[in-house]
Every structure is written in C-alpha cells, then in structure tokens.
Amino acid sequence: MKQFSDFPRVSLGILPTPLYRLPNISEAMGKNIYIKRDDMTGVALGGNKVRKLEFLIADAMAQGCDYMLTTGGAQSNHAMLTAACCDRLGLGSVLVLKKRGVWQKLGNQIINDLLGADVRFVDTDDYADVYAEMERICGELRAKGHKPYCVPVGGSVPVGSLGYVNAAREAIEQGAALGVRFDDIICCTGSGGTHAGMDLGARIYSPKTRVTGIAVDDERFRSIVRDLVNETSRLLEAGIHVEESDINVFENFGAGYAIPSSSGVAAMRMMASKEGIIIDPVYTGKTFAGLIKLNQQGYFDGRDNILFLHSGGAGGLFAIDIDHTED
Ligand SMILES: *Cc1c(COP(=O)(O)O)cnc(C)c1O
C-alpha cells in the first residue's frame, strides 16, 4: 500500500483535531459516545472539507494549476473553504454556486464576502447547468493564460477522499491512545467523499469497526460511496474492494437536503445543552439525529463505543431558520 506521503499535500488544517468522550450524551444514551472535532480544522469556521482540500489543492499545484473552481449550493461549506484555502496559498478561486435555498448575504455568503471570494450564481437546480458554466469560466481563464483545476461538488473525488482515509487513521490512533477500539463510526453522507474515506480507512486500520453514513441528501449515495471507496483504494493500492451491500447508509434527510427537520433540530439542542457543542441543521444535526434513531432501533446493541464525526457546518447555522422544520 502507498503512504499518504506519496501524494502531494499542502498543510492547511490544524491536525490532529480533538477526539474525546461526551460524558452527558453518553449517560443519556447508555453508550460511550465519542466525538471527533473536525469542526475545529482551523480554516475559517472549520469543517471536513479542509482535509480534502489539503490533497486536492496540492494535486492542482503539482499539475501547475493556479485557479481552483468548485461548486455547491448557495450555502456550500465546501465552496467557502475552497476560497479560504486558496486565499491562504495565493491561488485564485471561483465559486460557481446553485442559486437554490438561502443565497442572500447570510451565513457562508457573509464569509465569502469577507474572503473576497469570486462567487457566480447559476439560477438552476440542475448540476449539469452548473458544470457547463464552470467549463465556460475555465475557457475564459485559459484564454487569459491561467490553468484552472475543477473540483466537483463537495470535493468528493478519490484524491479528496484521501483526506478522510487519513482522518480515520488519526481517529483510530486517538482511540487506541485512550484504550478504546470504536465499534462504530457515524458520519454524514452528503456528496459521499467523507463517508467513503472513513469507510476505507476503517477497513484498512481497524477492520472490526463498522462505519455508517447518515444520508442528508436523497442521492444515489450507496453506489456513489461504493465507487469512491473502490477508486480511492486503487489510488492507495490498498487492495480493498467493496460492493454496494457493504456500504452502511441510514437515510435521515427528512423533507430534503438543507430543509431543517424536527429530529435534526432536537439533536442540535441536545448537543448544545448537554455538551456545549454546536452542530448544524443541514449536515451534523441530521447526522446526530440519525445516531440517536439508530440507538433507539437497537443498531448498537452489544456495541458500546461509538464515534460521532462532527464535520463542521457552522456557516450554515446563521442562514437557516430552525423554527421552521419539515419532516
Ligand atoms: C460537505 C459536508 C458534509 C458531507 O461531506 P461529504 O463528503 O460531502 O459527504 C458533512 N458536514 C458538513 C458540515 C459539510 O460541509
């Protein structure tokens, strides 16, 4: 198997992020619930995309690129963090965002403004239109002598997932230092790269640990995650191959992506009031709500040590009205 040091990587995050046991939540749930604080990766408001961008931006730089283009929803944490990381490294960036949901200057749009990010909205609900616009902007940049690098939504390509294979290794080592082997890791499944990296990392470094993603978007996530696990394994020469049935996903998107759900908001209140930790309505709230539901359904029976990945999302918190939920 290859080493992470065999791949280009730029240091952007403050790593390792903390990992510790949540005493009050553990007591309430009757399990040892640990948290991995990837909301504290240290760029802008933190979040999981920093780990992917360490590999993606380095790959771009190794190819001589000087511009990063990416996309997402109007409140995309990934796009905001791409702009923040590029700023730090002196690269250009263009964020081509879907004008769906909250696009007023709230939440991540405030941060994009502070960063001086070049944001272009596409008035569509179809990523095909967004990618066509990205291609057009790439053509413009090339005509001006630039070399752009395009990253699809969420940075969920194998090079990006390397960041989460490494995060799984980091978390498993931190667990071992505490004398704990995690029975389960629960993470969010959005565009799939985080889940795929955690799944592959657990298969490599702690094969008895089960990884389950909580789907917060009604995509065909199982096949997406399967493909990303297999392609990332090929990149790492890890020799692991999975089928769709090997991927554990629990659907908890409620009425749809970025629409707050009552269980998600209840999970946010529980995490805040019991542990002083803020999770968000789009990703981590629904993910933690999924963990609570799985516990109630007996999914963790006979399994005591559960790790919850806090993947960030603070920017979206101030753009979404949590008093209006749909289920
Ligand atoms: C993007 C994102 C996720 C989902 O990660 P994917 O790799 O896209 O599945 C989870 N939490 C937060 C806060 C995110 O921004």
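Residues numbered from 1 in each chain as written. Predicted model: local features only at pLDDT ≥ 70, side-chain atom pairs only at ≥ 80, totals over all residues. Heavy atoms only, no water.

Undergrad: Is there a simple way to think about the overall build of the protein in this case?
TA: Helices and strands together make up the secondary structure of the protein, namely 11 helices and 10 strands. Taken against the 2.2 N^0.38 rule, which gives 20 Å for 327 residues, the C-alpha radius of gyration of the protein at 19 Å falls within 12% of a compact globule. Its C-alpha atoms put the protein at 60 × 50 × 35 Å along the principal axes. Taken over 327 residues, the protein has a buried fraction of 57%. Once local pairs closer than 6 in sequence are excluded, the contacts in the protein between residues at least 24 apart make up 79%. In the protein, which carries 33 positive and 40 negative side-chain charges, the distance between the mean positions of the two groups comes to 3 Å. (Helix = DSSP H or I, 4+ residues; strand = E, 2+ residues; numbered from the N terminus. Rg over C-alpha atoms; globule rule 2.2 N^0.38 Å. Buried < 20%, exposed > 50% of the residue type's maximum accessible area, 1.4 Å probe, protein only. Contact = heavy atoms within 4.5 Å. Lys, Arg positive; Asp, Glu negative; His and termini not counted. Charge placed at Lys NZ, Arg CZ, Asp CG, Glu CD.)

Undergrad: So what exactly am I meant to see when it comes to the site of the ligand here?
TA: Every one of the 16 residues lining the ligand counts as a neighbour, but K49, K52, S191, T194 and S311 are closest to it. Take G192: an N or O atom from its main chain is 2.8 Å from an oxygen atom of the ligand. A distance of 2.7 Å is found between a nitrogen atom of the ligand and a side-chain nitrogen or oxygen belonging to S311. Considering the ligand on its own, with 380 Å² of exposed area, one finds that the protein chains cover 97% of that surface. Elements with a contribution of two residues or more to the shell around the ligand: α2 (49-62), β7 (184-189) and α7 (193-205). Its residues assigned to classes, the shell around the ligand comprises two nonpolar, 12 polar and two charged. (Near = heavy atom within 4 Å. Polar contact = N/O pair within 3.5 Å; in protein donor to acceptor, adjacent residues only side chain to side chain. Areas by Shrake-Rupley, 256 points an atom, 1.4 Å probe, with all protein chains shown as cover. Nonpolar A, V, L, I, M, F, W, Y, C, P; charged D, E, K, R; others polar.)

Undergrad: Before we go on, may I ask you to explain the nonpolar core in this structure?
TA: Generally speaking, soluble globular proteins have nonpolar side chains that are buried together. Counting residues in each nonpolar core, the largest one holds 38 residues, and the members touching the most others are L12, I57 and M68. Only α2, α3 (77-89), β6 (148-151), α6 (158-177), α7 and α8 (221-236) provide two or more residues apiece to this core. Ranked by the residues each element gives to this core, the list is headed by α2, at seven residues. Sequence-distant contacts of I57, defined by excluding residues within four places in its chain, comprise V10, L12, M68, C85, C86, L89 and L91. One finds I214, M268, I279 and A289 within the second-largest nonpolar core, a separate group that totals 24 residues. (Core = buried A, V, L, I, M, F, W, Y, C linked by side-chain atoms within 4.5 Å.)

Undergrad: I keep staring at the packing of α2 against α6 and nothing clicks. Help me out?
TA: Interhelical geometry of α2 versus α6 gives an angle of 140° and a closest axis separation of 7 Å. The angle between α2 and α6 places the two elements in the oblique class. α2 and α6 meet at a crossing whose hand is right-handed. Contacts between α2 and α6 pair R51, K52, F55, L56 and D59 from the former with V159, G160, L162, G163, Y164, A167 and E170 from the latter. A per-class count over the contact of α2 with α6 returns six nonpolar, two polar and four charged. (Axes fitted to C-alpha atoms, helices over the stretch in contact; angles between N-to-C directions. Parallel < 35°, antiparallel > 145°, perpendicular 65-115°, else oblique. Left-handed = near helix turned anticlockwise from the far one by under 90°.)

Undergrad: Any chance you could explain unusual backbone geometry here in plain terms?
TA: Outside of glycine, negative phi angles account for most residues, and trans bonds account for most peptide bonds. That bond from L15 to P16 is cis: its omega, -5°, falls within 30 degrees of zero. Its place among the elements puts P16 in the segment before β1 (19-21). In this structure, A258 is a non-glycine residue whose phi angle is positive, near 70°. With respect to the helices, strands and loops of the structure, A258 is situated in the loop between β9 (248-251) and α9 (262-275). Among the residues examined, A258 registers a relative accessible area of 30% and is labelled partly exposed.

Undergrad: It is not clear to me how the pattern of salt bridges should be interpreted in this structure. Could you clarify?
TA: Pairs can form between side chains of opposite charge once their charged atoms are near each other. On inspection of all chains with the given rule, the structure shows 17 salt bridges. Between D113 and K105 there is a salt bridge; the shortest N-O distance is 2.5 Å. When its relative accessible area of 54% is taken as the criterion, K105 is described as exposed. We note a salt bridge from R210 to D184, for which the minimum N-O separation is 2.5 Å. With R210 in strand β8 (residues 210-215) and D184 in strand β7, this residue pair connects regions lying 26 residues apart in the sequence. Salt bridges sharing partners connect three or more residues here, namely K36, D38, R51 and E170. (Salt bridge = Lys/Arg side-chain N within 4 Å of Asp/Glu carboxyl O.)

Undergrad: What is the right way to read the sheet that holds strand β4 (residues 92-98) from this model?
TA: In any sheet, the strands associate via hydrogen bonds between backbone groups, in a parallel or an antiparallel arrangement. Read from one edge to the other, the open sheet built from four strands follows the order β5-β4-β3-β6, with strand pairing classed as parallel. Of all the strands in the sheet, the pair left with one neighbour each is β5 (118-122) and β6. Between one strand and the next, the sheet's axes are offset by a mean angle of 25°, whatever the strand orientation. In terms of strand pairing, β4 meets β5 through five bridges, oriented parallel. By the bridge assignment, K98 is partnered in β5 with V122. On top of the sheet, α2 reaches β3 (67-73) and β6; it is set at about 150° to β6, its chief contact. (Pairing = 2+ DSSP bridges.)

Function-wise, these values are silent; they only describe arrangement.
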